[in-house]
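# Residue-level structural notes
The primary structure of each chain is shown beneath.
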Amino acid sequence: SGTPPFGIAYWQEFIPGNEADLRVTAIGDCFATGFWRNNRPGDFRASGSGLIDYKRPVPESALRMCLDINARFGFDSMAYDILFRDGEMLVSEMSYGYSDTAVHLIPGHWVLEEGGSLGFVEGNTWPQELWIEWAIRKAARKGLPRPT
């Protein structure tokens, strides 16, 4: 019938020593949000814990790395789960689907400007708002007129 008799399985390398992971959501090559997800009590996993820390600083290098990956691969929107080993950032998972509410609750987002500076814009924003702004910027790069 063409359907495999088993479900889908995947493996990830275990990266010890992380009490949380960093979730960065990059929209296009210019917008990014980030927050930390603490591990479940007595567990090494942060994904799905619901223990979100919006106050812990997000490293600029992580934001830039995710925006660069989006730019290189042409992703319009992608969430990255990042772990750390010996000072090295490791992308452990990438997802095109993510919680818009978790992103909205972040107290601001970052914008990568044309000159390369990364600026913080205060205030809660829905990712859908950034998707629209990204679509407008992307269209402008192709010479399409800005909607009125």
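One can find the structure itself at the top, above this paragraph.
Residues numbered from 1 in each chain as written. Predicted model: local features only at pLDDT ≥ 70, side-chain atom pairs only at ≥ 80, totals over all residues. Heavy atoms only, no water.

## Some thoughts on the overall build of the chain
The line we're drawing: A run of H or I in DSSP becomes a helix once it reaches four residues, and a run of E becomes a strand once it reaches two; helices and strands are each numbered from the N terminus. Relative accessibility thresholds used throughout: buried, under 20% of the residue-type maximum; exposed, over 50%; partly exposed, between the two (1.4 Å probe, protein chains only). We call two residues in contact when some of their heavy atoms are within 4.5 Å. Using a 1.4 Å probe, accessible areas were evaluated by the Shrake-Rupley method; residue-level cover was limited to the displayed protein chains.
Secondary structure summary: the chain contains 3 helices and 7 strands in total. Put simply, the chain runs from its N terminus to its C terminus through helices and strands in the order β-β-β-α-β-β-α-β-β-α. Burial status across the chain gives 36% buried among its 148 residues. Restricting the contact set of the chain to residue pairs at least 6 apart, pairs at least 24 apart contribute 53%. Per element, the accessible surface of the chain, about 9,300 Å² overall, is 56% carbon and sulfur.

## As for the layout of surface pockets
Heads up, the condition is: Definitions used throughout: a 1 Å grid over protein atoms alone; a cavity as a set of points that fits a 1.4 Å probe which cannot get out; a pocket as an open set with protein on both sides within 12 Å along at least five of seven lines; a lining residue as one with an atom within 4 Å of a point. Grid points are joined across faces, edges and corners, and a volume is the space filled by probe spheres set on the points. In this classification, the charged set is Asp, Glu, Lys and Arg, the nonpolar set is Ala, Val, Leu, Ile, Met, Phe, Trp, Tyr, Cys and Pro, and all remaining amino acids, among them Gly, are polar.
Considering only enclosed or pocket space, the largest pocket measures out at about 390 Å³ in volume. Residue lining of the largest pocket: 20 residues in total, with Gln 12, Phe 44, Arg 45, Leu 83 and Ser 92 positioned closest to the centre. If you list the elements that add at least two residues to the lining of the largest pocket, you get β1 (20–27), β4 (77–85) and β5 (88–95). Its residues placed into classes, the lining of the largest pocket shows 8 nonpolar, 6 polar and 6 charged.

## What to know about unusual backbone geometry
Of note in this structure, Asp 86 is not a glycine but carries a positive phi near 50°. Along the polypeptide, Asp 86 turns up in the loop between β4 and β5. Judged by its relative accessible area of 80%, Asp 86 falls in the exposed class.

## A look at the nonpolar core
For the record, the criterion: Residues enter a nonpolar core if they are buried and are Ala, Val, Leu, Ile, Met, Phe, Trp, Tyr or Cys, with the set joined through side-chain atoms within 4.5 Å.
Formed by 17 residues in total, the largest nonpolar core has its most connected members in Leu 22, Val 24, Val 58, Leu 63, Cys 66, Tyr 80 and Ile 82. Only β1, β2 (31–38), α1 (60–73) and β4 provide two or more residues apiece to this core. Considering each element in turn, this core owes the most residues, 5 residues, to α1. If near-sequence neighbours (up to four positions away) are discounted, Tyr 80 is found in contact with Leu 22, Arg 23, Val 24, Ala 26, Cys 66, Ile 69, Asn 70, Phe 75, Val 91, Glu 93 and Met 94. Membership of the second largest hydrophobic core comes to 9 residues, among which are Cys 30, Phe 31, Ala 79 and Val 103.

## Observations regarding the environment of Pro 127
Within the element layout of this structure, Pro 127 appears in helix α3 (residues 127–141). Using a relative accessible area of 0% as the deciding quantity, one classes Pro 127 as buried. Not counting the four nearest positions on each side in its chain, Pro 127 is found in contact with Ile 27, Tyr 98, Asp 100 and Val 103.

## A few points about the pattern of salt bridges
What counts here: Within this document, salt bridges are pairs made up of a side-chain nitrogen of Lys or Arg and a carboxyl oxygen of Asp or Glu, the two lying within 4 Å of each other.
One pass over the full model with this rule turns up 9 salt bridges. A salt bridge links Arg 72 to Asp 68; its shortest N-O distance comes to 3.5 Å. Within this pair, Arg 72 and its partner Asp 68 are both found in helix α1, separated by 4 residues, close to a single helical turn. With relative accessibility at 58%, the residue Arg 72 sits in the exposed group. Of the charged contacts in the structure, one is a salt bridge between Glu 133 and Arg 137, with a shortest N-O distance of 3.6 Å. Within this pair, Glu 133 and its partner Arg 137 are both found in helix α3, separated by 4 residues, close to a single helical turn. By relative accessible area, Glu 133 is classed as partly exposed at 25%. Judged by relative accessible area, which is 28%, Arg 137 ranks as partly exposed.

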